[in-house]
Amino acid sequence: MHRARASRPARSLSVHLMPGLIAAGVCACIAGVALMALLLAGTQGTRQGSIGQAGADWAALARIVRFTVIQAILSGLLAMGLAVGFGRALARRRFVGRRVVLALLPLPMITPLIVGGLGILSVYGQQGWLAGYLARALGEDVVFNIYGWPGILLAHGFFNTAFLTRLVVQAYGAVRPQTWAIARQLGIEGWQRFYRIEWPLIRTAVFSGGLLVVGLCLTSFVLILMFGGGPGKTTLEVAIYQSLRIDFAPARAGWLALLQLALCAVFVVLFLGLGGAIQEDAGNTAAQPFGLADGGLLGDGVWLVLGGWFALAPLLAVALSAAAAPWAWMIADPIFYQALLTSLAIGIAAGLCGLLIGGSLVWSACGDPRWGRFFDGVGTLWLVMPPLALSAGLFLALRAVGISPIGGGPAWGVAAVIGVNGLMAVPFVIRILRPPAGRIAKRYTPLTLSVGLRGWRRLWRVEAPLLRRPAALALALGIVFSLGDLGVMTLFGSPRLQTLPLYLYQLMAGYRIDQAMAVAGFLLLLSLAVFAAVFALIAGRYPRDGGAGYG
């Protein structure tokens, strides 16, 4: 009797391990195939004596690496500085519309990159809002060169400032009100209070979020492609794309992709070594503002206006330009419907793929804590392998077996795009599901074992209902990220394989700006609608605080 009872937990643990091991095997196979293809392409170019063609123009290569790293660091520092000022002002002040601003902060996260880029052009470009206002105020034309450093930093700042601001406000929301009362009693106000009390409380959120932003900017592709302004402002991701689709130099692409992998691996080691894991939401972004005895109303007002403009003006510009753009041609264009259906199919499939793989890793990690680090490490793998490097490896692997990734039929391109986008969503799925799943396992495992509820029955009856909200958030984010993807599509896209972002990019390349704004507005509305619909359908109601809650 005792032996039978002792064997049941062992069988239960084997059931828990099986999904994670299968998911880890799939990840290992895809990563291994891509890495092997990159190594073969690079070594083949070296054996043929074309090391110069394989990316060994060391001066140019050093310039690309240097620019990749510098633009990522500067973008992270810009977003961190704006987020501290904007987040502190939001945490300090009570004003009409505060909850609306907090609810709108996640919007840049789910905005397709190419749509946000168009919004940046509409605000800061030569024909944008700012140039027009200054021309009217000064009585003469103002020359704005948005391309190069200004556009890159503005675009990265737009997409990352709101994310970091939310972390800062959450860190402030976790502080007990008594802390501010004690500070006032001790006469600690103004900058003294910030340096002695506030900064130690928000420092972890700022640095961990800033490190994550730097990592994302290291693999930036679409925004560099839009705002780079020439070969002097090229990142490794853009160089990989140029090597495969423009120059068709597989050996050079292989070397560049391997170098990108090494750079990302170094960053992930630094990220984890510096405590870069972002803490689970400890506060409420709608928490009541703390005391205002030290004044500073003017400074906070400036930060609120600057931060709100920086984070939300490009989206408003896209919405207004899309409303004024012609829509009739888009409704009558059959390519638009083809791109729409393809985008939805790829987005839903990639979101489900990411949720299945990430959810399997999380369930196995929580089911057997001895394997927790292993499964978490498998999920972190995709932070080391950026999407364009993985896409380049799969591109070269398909060519190696005689399949044209572009002309061999759209099925190969669709499978590659779904697979890459699904895998890129895995770290976000783990980030969202792991904390609540760990709490549920710790709380309910003794009870479920005592009543004989194990394995799949436990998942269906206990864990799945409690994880509906975080799972809905993870799935919605995975679908929206894939829906707005352009980087992978630039490698595998073809006249027979069109998505809305690629369709929009082609309109922009043809200088059909009015039509591009109409498609951008539609893509923005589609992303918001899909996110809200998926979350409402699975979670049963719309998310609180704009969708940031997990539990």
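Just above, that's the structure.
Below you will find a few notes about this structure. (Residues numbered from 1 in each chain as written. Predicted model: local features only at pLDDT ≥ 70, side-chain atom pairs only at ≥ 80, totals over all residues. Heavy atoms only, no water.)

## A look at the overall build of the protein
- Helix and strand counts for the protein stand at 23 helices and zero strands.
- Residues classed as buried in the protein amount to 53% of the 551 residues present.
- In the protein, the share of contacts with a sequence separation of at least 24, taken over all contacts with a separation of at least 6, comes to 82%. (Helix = DSSP H or I, 4+ residues; strand = E, 2+ residues; numbered from the N terminus. Buried < 20%, exposed > 50% of the residue type's maximum accessible area, 1.4 Å probe, protein only. Contact = heavy atoms within 4.5 Å.)

## Comments concerning empty space enclosed by the protein
- Evaluation of the coordinates by the stated rule reveals one cavity of 30 Å³ or more.
- Quantified by volume, the largest cavity comes out at close to 40 Å³.
- Every residue lining the largest cavity is listed: Ser 343, Ile 346, Val 417, Asn 421, Ser 482, Leu 483, Asp 485, Met 489, Thr 499 and Pro 501.
- Of all the secondary-structure elements, those providing two or more residues to the lining of the largest cavity are α14 (334-367), α17 (410-424) and α20 (468-483).
- Within the lining of the largest cavity, the residues separate by chemical class into five nonpolar, four polar and one charged. (1 Å grid on protein atoms, 1.4 Å probe; cavity = no way out; pocket = protein on both sides within 12 Å on 5 of 7 lines; lining within 4 Å. Points joined across faces, edges and corners; volume = space filled by probe spheres on them. Nonpolar A, V, L, I, M, F, W, Y, C, P; charged D, E, K, R; others polar.)

## Section: helix α22 (residues 500-509)
- Among the ten residues that make up α22, seven are buried, leaving the element largely enclosed by the rest of the structure.
- Among the residues making up α22, those that are buried are Leu 500, Pro 501, Leu 502, Tyr 503, Leu 504, Leu 507 and Met 508.
- Phi turns positive one or two residues past the end of α22, at Tyr 511, with a value near 60 degrees.

## Notes on the packing of α22 against helix α23 (residues 513-539)
- The N-to-C vectors of α22 and α23 enclose an angle of 160 degrees; their axes lie 9 Å apart at closest approach. With respect to α23, the axis of α22 lies roughly antiparallel. Crossing of α22 against α23: the hand is left-handed. Residues Leu 500, Pro 501, Tyr 503, Leu 504, Leu 507 and Met 508 of α22 pack against Gln 515, Ala 516, Val 519, Ala 520, Phe 522, Leu 523 and Leu 526 of α23.
- When the residues that make up the contact of α22 with α23 are grouped by side-chain class, the tally is twelve nonpolar, one polar and no charged. (Axes fitted to C-alpha atoms, helices over the stretch in contact; angles between N-to-C directions. Parallel < 35°, antiparallel > 145°, perpendicular 65-115°, else oblique. Left-handed = near helix turned anticlockwise from the far one by under 90°.)

## Some words on the layout of surface pockets
- Its volume calculated, the second largest pocket comes out at about 670 Å³.
- Along its surface, the second largest pocket is lined by 21 residues, and Leu 118, Leu 121, Tyr 147, Met 508 and Ile 513 are the ones closest to its centre.
- Those elements giving two or more residues to the lining of the second largest pocket turn out to be α4 (113-124), α9 (222-227), α22 and α23.
- When the residues that make up the lining of the second largest pocket are grouped by side-chain class, the tally is 14 nonpolar, seven polar and no charged.

## Examining unusual backbone geometry
- If you check the backbone angles, Phe 248 has positive phi at about 45 degrees while not being a glycine.
- Inspection of the secondary structure puts Phe 248 in the loop between α10 (236-246) and α11 (250-273).
- The class for Phe 248 is partly exposed, based on a relative accessible area of 44%.
- Phi at Tyr 511 takes a positive value of approximately 60 degrees, unusual for a residue other than glycine.
- Its location among the elements puts Tyr 511 in the loop between α22 and α23.
- When its relative accessible area of 71% is taken as the criterion, Tyr 511 is described as exposed.

## Things to note about the packing of aromatic side chains
- What the rule picks out here adds up to 16 aromatic pairs.
- Ring plane angle 70 degrees and centroid distance 5.1 Å describe the contact between Phe 336 and Phe 522, whose orientation is recorded as edge-to-face. A residue pair is termed long-range when its members are at least 10 positions apart, and Phe 336 in helix α14 and Phe 522 in helix α23 qualify at 186 residues.
- An aromatic cluster of at least three residues, connected via ring pairs, comprises Phe 194, Tyr 195, Trp 199 and Phe 207. (Phe/Tyr/Trp six-rings, centres within 6.5 Å; stacked < 30°, edge-to-face > 60°.)

## Some points on the packing of α14 against helix α15 (residues 372-384)
- α15 packs onto α14 with a crossing angle of 165 degrees between their chain directions and a minimal axis gap of 8 Å. As the angle between them shows, α14 and α15 are arranged roughly antiparallel. When you trace α14 past α15, the crossing you get is left-handed. Here α14 contributes Leu 361, Ser 364 and Ala 365 to the contact with α15, which in turn contributes Gly 372, Phe 375, Asp 376, Val 378 and Gly 379.

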